[in-house]
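Residue-level structure breakdown
Residues per chain are reported as follows:
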Amino acid sequence: MQKKTSSFSSARGKRLRRILLTGLGLILGLAVAVAGFQFYKTWRARDLAVKAKDNFDHGSYRLAWLQINSARDLLPDDAEVLRSSAIIDGGFGARTALDYWDRLAANGGMTPDDLEQRARAAARFGTDEQFEIALAELQNSGAGISVGELRAGRLLVRGDVDRAIEEMRRLSSMSDDAAMRLDLARMLLRRHAETLADSRKEQAVAVARELFATVDALQTTPLADEALAFGLTYLLPGREGQERWANLGMRNMSPDNPALLPAATVLIDIGKAKPDEMNKRLRPIFDAAPLTRRAAYASWLTRHGMNREALALITEQEAAESGDAFAARVDALAALENWAAVVRTAEVNGNTPESVRFVTKARAEYAMGRGAQSGSKSVADALKAATRQANLPLVIALSDEMGASDTVDASLVELCGDPAVAAQVFRLTRDRFSRRGPAAAVLMSAAFERARAAAPNAPPVQDFARYTDLLSMGKGDASVAKEENGANPAVDPVAATADAVASEPADLAIRATHALALLRAGREAEALDCFEGVTIDFDHMSPGTQAVYCAALAAAGKRDQAVVSAGKIDASLLSPGELELVEDLR
């Protein structure tokens, strides 16, 4: 009996051990599976983040947007995912870029490059407090980048060009940095380009003298030729001054001298040389030059009517290797009206962005009378590609020049429905259609509806909804927003528009909406303050923004200035609500 009991106990023990071992195996297997899945998830998220950044760097913006969002879904707090998110969102112009940098900073492990990029993001998107924190941490890292340059850059991106110039002028006075002085000259040119040729304006004369003096002063620095290239290309220091600069530019007969071709052009323009003679001097220098410099020379030849000589410098194969070479060969072919060859060149895949190739093909097709057939499709393809390659304004301008404005309008409305690009496209589309007034009301409405469905929280979309609501209100009605365009009735319009200005300070349309909210709320005296901290160029504002600005001027007691400015507005381009704002000023 004892033997049976012993056998029974032994068997039961074996079964128990098997059960325990099986359970332990299951637990270990589950643990391994979980660890394996976690490892795969981490690897996959980081791989997507790296690929997203790489695609963004190479202009594949749509793919980058999809990949980074997938990476965020998998591992939202991973350092590599946060870093790529910050870089990509910053490239897209989204203020969430700074949020990602801040989250990465909170996790530790910020590299010096991360700190610099975070400071640049804070300069563009951050509050004053965020900007100062980012600057302090950058300085503590021992980075060599100038804090003053970042402050000037912050003012520029916020639209305050005048104060940015003041900051750069202050920095230049404290330093012998030639690059900084040349940057200041470029900023001055950007600010005063339209008035520099008017010698009747005292400010224009003063700025011109300063620019001329800067070019001369930089002749003893390593940037002498670069300064000459700037002066010879953009400034008009009189015939004697041009000849002197041109002769200086011809001292260094090297294809790498940026002043050489501008100097040659000036000497031809003032009658000191003939194009064919100059070609004989320059051709031996550029024949064996790198492709980029040969392309520059080929473009120079085309501008001076030597089209066949230009074609001889850039082969069909080389045109596919470089955007500059592509442009040089295409321009020469177009000057010879060889449109079929332009189409062939544009159809070859290479290093030229798709948007440029498509718009070039469209140009040739329109020139051959095929605009209504293949040309309009090429324009639409170019615009779509341009949203991925950050050159949409350029492609729009080129398409308008070739007479494809209707195709541009239709394509932009369609692109407003793409969530990846709706914000940037609607901002451009709104400005475009608002300059046509009621004639473009149907197009504006269609663009808005598509953008609202695709990106309801995008600042340009929300701003248009608020602006439209505010125009329909009377004085004192802005304490509660209407719901017609998607505005939240529980949100005070003045508070909402103030937040929008803080997030998009360089956008004049958003500032105008805030000013309108104040006017509607009966806070007229504060409306003009909305335009503080930004450089105002009245002639470049859209008609609606001009109307709001004039109303704000009048409300601030500057009626005479308001009347003069209101007289410049084309009233036929104003909506009824906008016209009401300036009725008593005209």
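Bear in mind that the values here come from a model prediction, so they are computed numbers and not experimental data.

When you go through the protein residue by residue, the secondary structure sums to 31 helices and zero strands. Residues classed as buried in the protein amount to 46% of the 586 residues present. The contacts in the protein between residues at least 6 apart in sequence include a share of 54% that link residues at least 24 apart. Counting every atom, the protein has about 29,000 Å² of accessible surface; 53% of that belongs to carbon and sulfur.

On to the environment of Lys377, then. Structurally, Lys377 is set in helix α21 (residues 371–389). Note: C-alpha distance between Lys377 and Ser411 (34 residues apart in sequence) is 9.8 Å. Side-chain polar atoms of Lys377 contact the side chain of Asp381, separated by 2.8 Å.

A few words on the confidence of the model for the protein. Per-residue confidence for the protein gives a mean pLDDT of 88, with 89% of residues at or over 70. Across residues 480–487, confidence stays below pLDDT 50; counting only partners more than four residues off in sequence or on other chains, it has 23 contacts.

Mapping Asp463 onto the fold places it in helix α26 (residues 459–471). For Asp463, a relative accessible area of 1% puts it in the buried group. A distance of 2.8 Å separates the side chain of Asp463 from the side chain of Thr513, its partner in a polar contact.

This part is about the packing of helix α23 (residues 405–415) against helix α25 (residues 441–454). For any two helices packed against each other, one specifies the inter-axial angle together with the distance between the axes. Viewed as axis vectors pointing N to C, α23 and α25 meet at an angle of 25°, and their least axial separation amounts to 8 Å. Classified by the angle their axes make, α23 and α25 are roughly parallel. Residues Asp409, Val413 and Glu414 of α23 lie in contact with α25, whose contacting residues are Leu443, Ala446, Ala447 and Arg450.

Moving on, we get to the environment of Leu470. Following the sequence through the fold, Leu470 ends up in helix α26. By relative accessible area, which is 1% here, Leu470 ends up buried. Linking Leu470 and His514, residues 44 residues apart in sequence, is a C-alpha distance of 9.7 Å.

On to the environment of Glu401. Residue position: Glu401 is located in helix α22 (residues 392–401). C-alpha separation for the pair Glu401 and Arg363, spaced 38 residues apart in sequence, amounts to 9.2 Å.

This part takes up the nonpolar core. Counting residues in each nonpolar core, the largest one holds 70 residues, and the members touching the most others are Met278, Leu282, Phe286, Tyr297, Trp300 and Ile314. Of the residues forming this core, the biggest block, eight residues, is contributed by helix α9 (residues 178–192). In contact with Tyr297, other than residues within four places in its own chain, are Leu261, Asn279, Leu282, Arg283, Phe286 and Leu313. Judged by nonpolar contacts, the second largest core, of 33 residues, contains Ala382, Leu383, Leu392 and Val461.

With that settled, consider helix α13 (residues 260–269). The buried fraction of α13 amounts to eight of the 10 residues, a majority that puts the element mostly inside the structure. Considered for burial, the residues of α13 that qualify are Leu260, Leu261, Pro262, Ala263, Ala264, Val266, Leu267 and Ile268. In this structure, the buried residues of α13 make contact with α11 (224–234), α12 (238–249), α14 (275–286) and α15 (291–303). Looking at the residues trailing α13, positive phi occurs at Gly271, about 80°.

What follows is about the pattern of salt bridges. Applying the stated criterion to the full structure yields 36 salt bridges. For Asp114, the salt bridge is made with Arg83, and the minimal N-O distance between the two is 2.9 Å. With Asp114 in helix α5 (residues 112–125) and Arg83 in helix α3 (residues 79–91), this residue pair connects regions lying 31 residues apart in the sequence. The pair formed by Asp114 and Arg83 is uniform in burial state, with each residue classed as buried. Glu526 is paired through a salt bridge with Arg523; the nearest N and O atoms lie 2.9 Å apart. Judged by relative accessible area, which is 35%, Arg523 ranks as partly exposed. Shared partners join several salt bridges into a network, and the residues in it are Asp400, Asp409, Arg432 and Arg436.

Turning our eyes to something else, we now look at the packing of aromatic side chains. Under the criterion given, the structure shown has nine aromatic pairs. Ring geometry for Phe426 versus Phe448: centroids 6.1 Å apart, planes at 50°, classification tilted. Of this pair, Phe426 sits in helix α24 (residues 422–434) while Phe448 sits in helix α25, and the two are 22 residues apart along the sequence. Exposure remark for Phe448: the relative accessible area of 3% places this residue in the buried category. Ring centres of Phe538 and Tyr549 lie 6.2 Å apart, and the angle between their planes is 45°; on these two criteria the pair is classed as tilted. Linking Phe538 in the loop between α28 (508–520) and α29 (543–555) with Tyr549 in helix α29, this pair joins segments that are 11 residues apart in sequence. For the pair Phe538 and Tyr549, a shared accessibility class is recorded, and that class is buried. Ring pairing ties together the aromatic residues Phe286, Tyr297 and Trp300, which thus form one cluster. Over the ring of Phe358 we find Arg357; its NZ or CZ atom is 5.8 Å from the centre of that ring. When the ring centre of Tyr467 is taken as reference, the NZ or CZ atom of Arg430 above it lies at 5.3 Å.

Attention now moves to the packing of α5 against helix α7 (residues 147–157). Where α5 contacts α7, the axes come no closer than 8 Å and their chain directions differ by 40°. With respect to the hand of their crossing, α5 and α7 are arranged in right-handed fashion. Between α5, through Ala119, Arg120, Ala122, Ala123 and Arg124, and α7, the contact on the second element is made entirely by Leu150, Arg154 and Val157.

About the cut-offs
- Residues numbered from 1 in each chain as written.
- Predicted model: local features only at pLDDT ≥ 70, side-chain atom pairs only at ≥ 80, totals over all residues.
- Heavy atoms only, no water.
- Helix = DSSP H or I, 4+ residues; strand = E, 2+ residues; numbered from the N terminus.
- Buried < 20%, exposed > 50% of the residue type's maximum accessible area, 1.4 Å probe, protein only.
- Contact = heavy atoms within 4.5 Å.
- Areas by Shrake-Rupley, 256 points an atom, 1.4 Å probe, with all protein chains shown as cover.
- Polar contact = N/O pair within 3.5 Å; in protein donor to acceptor, adjacent residues only side chain to side chain.
- pLDDT = per-residue confidence, 0-100.
- Axes fitted to C-alpha atoms, helices over the stretch in contact; angles between N-to-C directions.
- Parallel < 35°, antiparallel > 145°, perpendicular 65-115°, else oblique.
- Core = buried A, V, L, I, M, F, W, Y, C linked by side-chain atoms within 4.5 Å.
- Salt bridge = Lys/Arg side-chain N within 4 Å of Asp/Glu carboxyl O.
- Phe/Tyr/Trp six-rings, centres within 6.5 Å; stacked < 30°, edge-to-face > 60°.
- Lys NZ or Arg CZ within 6 Å of the ring centre and 35° of its normal.
- Left-handed = near helix turned anticlockwise from the far one by under 90°.

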